[in-house]
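# Summary of the model geometry
Here's the letter readout for the chains.
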Amino acid sequence: MKGKTAKPSMTKEEKKKYWKKSLKRDKYLIIMILPVVIYYLIFCYLPMTGLWMAFTQYKIGSGFEGLFFSDFVGLKWFQQFFGSVYAWRLVRNTFLLSFFSLIFGFPIPIIFAVAVTQLRGKRLQKVIQVSTYLPYFISTVVVCGMINNFLSPSGGIINQLLGKLGIDAINFLGLPEWFRPIYVISGSWQSFGFNSIIFVAAIMGISPDLHEAMRVDGANKRQVIWHLILPSIRPTIILLLIMTLGNMMSVGFEKVYLLYNPSVYETADVIQTYVYRQGIQSNNYSYATAVGLFNSVVNFTIVFLANRLSRKVTDTSIW
């Protein structure tokens, strides 16, 4: 019997019996998926009703009624944002931080996964993998504390090394031109090991017969990597790239907030930190919601276009 959906020719009573039977049969699967459904309803879909604030004059203290019955102002907050002196700076900083993180952070896990799977010693392979996974599980607060200590102009290990070379101490976190390199390098160090897991799994899933066939044909390691491994994991690379592009305008708020200060706003201030200052610190919730909605629309547009382009060029896509 093909398919498990109710037939259109069923009577109302037959359909009722069919769904009761299906629920009874799949009750344990439903119980397993129920917490996931509840989580997404509460934390992902229910908060979307708050997007209405982007088009109203919401006032703090007006409660739940004020969320839907505040004065409608249309696109006022969007016009105010695009007309402000900060709009271009925020979009530029958010895009550049994400772009540099993508350019330098995305290929590294792939290169590492290819390199670590070519090691002959299994024990050495596991030690290297585990040691590179660990930084991912370090709290962002701890990582930012380490960065502040290492780069401190007074007593930081980096400035101590520079002093031994006869170079004056540099206030790395106080100079706008240093913020992006610090953010990108520290982010790549913290996440490349963990992000390589899926690529390692994809490489390990390649049939040993293919490796054996290439060895019989006299292929060296470089040829195996270029003509077997990389083509085999190309669909995985493309899918993860599309998903990464979906967060192109979503820079990690916590890390930027913990590292930046007014002296580096020129290169460090991003949309998320601006929304925080406007919404939480200035109580301008409608304006902050409008800016956040603009950011989400840009993210959705990027992932939609990337998925469509990938489907046309490589026949690989998310949907």
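Residues numbered from 1 in each chain as written. Predicted model: local features only at pLDDT ≥ 70, side-chain atom pairs only at ≥ 80, totals over all residues. Heavy atoms only, no water.

### Let's talk about the overall build of the protein
A tally of helices and strands in the protein yields 18 helices and zero strands. Whereas a compact globule of 319 residues would reach a radius of gyration of roughly 20 Å, the protein reaches 26 Å, over 25% beyond that. Taken over the C-alpha atoms alone, the protein extends approximately 90 × 75 × 35 Å along its principal axes. Out of the 319 residues belonging to the protein, those deemed buried represent 34%. (Helix = DSSP H or I, 4+ residues; strand = E, 2+ residues; numbered from the N terminus. Rg over C-alpha atoms; globule rule 2.2 N^0.38 Å. Buried < 20%, exposed > 50% of the residue type's maximum accessible area, 1.4 Å probe, protein only.)

### Details of the nonpolar core
With 23 residues, the main nonpolar core has F106, I110, F199, I203, V224, I229 and I237 as its most contacted residues. Considering each element in turn, this core owes the most residues, five residues, to helix α6 (residues 107-117). If near-sequence neighbours (up to four positions away) are discounted, V224 is found in contact with H211, M214, A219 and I229. (Core = buried A, V, L, I, M, F, W, Y, C linked by side-chain atoms within 4.5 Å. Contact = heavy atoms within 4.5 Å.)

### What about helix α11 (residues 197-204)?
Residues F199, V200 and I203 constitute the buried set of α11. Taken around the axis of α11, the buried residues stretch over an arc of 100°, which confines them to a single face. Among the structural elements, α6, α7 (122-133), α10 (176-195), α13 (221-232) and α14 (234-245) are those in contact with the buried residues of α11. (Arc of directions from axis to C-beta.)

### Points about the packing of α11 against α14
Two elements in contact, α11 and α14, have axes separated by 10 Å at closest approach and are oriented at 160°. Compared by their axis directions, α11 and α14 come out roughly antiparallel. For the crossing formed where α11 meets α14, the hand is right-handed. Side by side, α11 and α14 meet where I198, F199 and A202 of the first sit next to T236, I237 and L240 of the second. Broken down by class, the residue content of the contact of α11 with α14 amounts to five nonpolar, one polar and no charged. (Axes fitted to C-alpha atoms, helices over the stretch in contact; angles between N-to-C directions. Parallel < 35°, antiparallel > 145°, perpendicular 65-115°, else oblique. Left-handed = near helix turned anticlockwise from the far one by under 90°. Nonpolar A, V, L, I, M, F, W, Y, C, P; charged D, E, K, R; others polar.)

### Observations regarding the confidence of the model for the protein
Reading fine detail from the predicted coordinates is not recommended where pLDDT is low. Scored by pLDDT, the protein has a mean of 87; 96% of the residues are at 70 or more. Highest mean pLDDT in the protein belongs to α6 (93); lowest belongs to helix α3 (residues 63-69) (71). (pLDDT = per-residue confidence, 0-100.)

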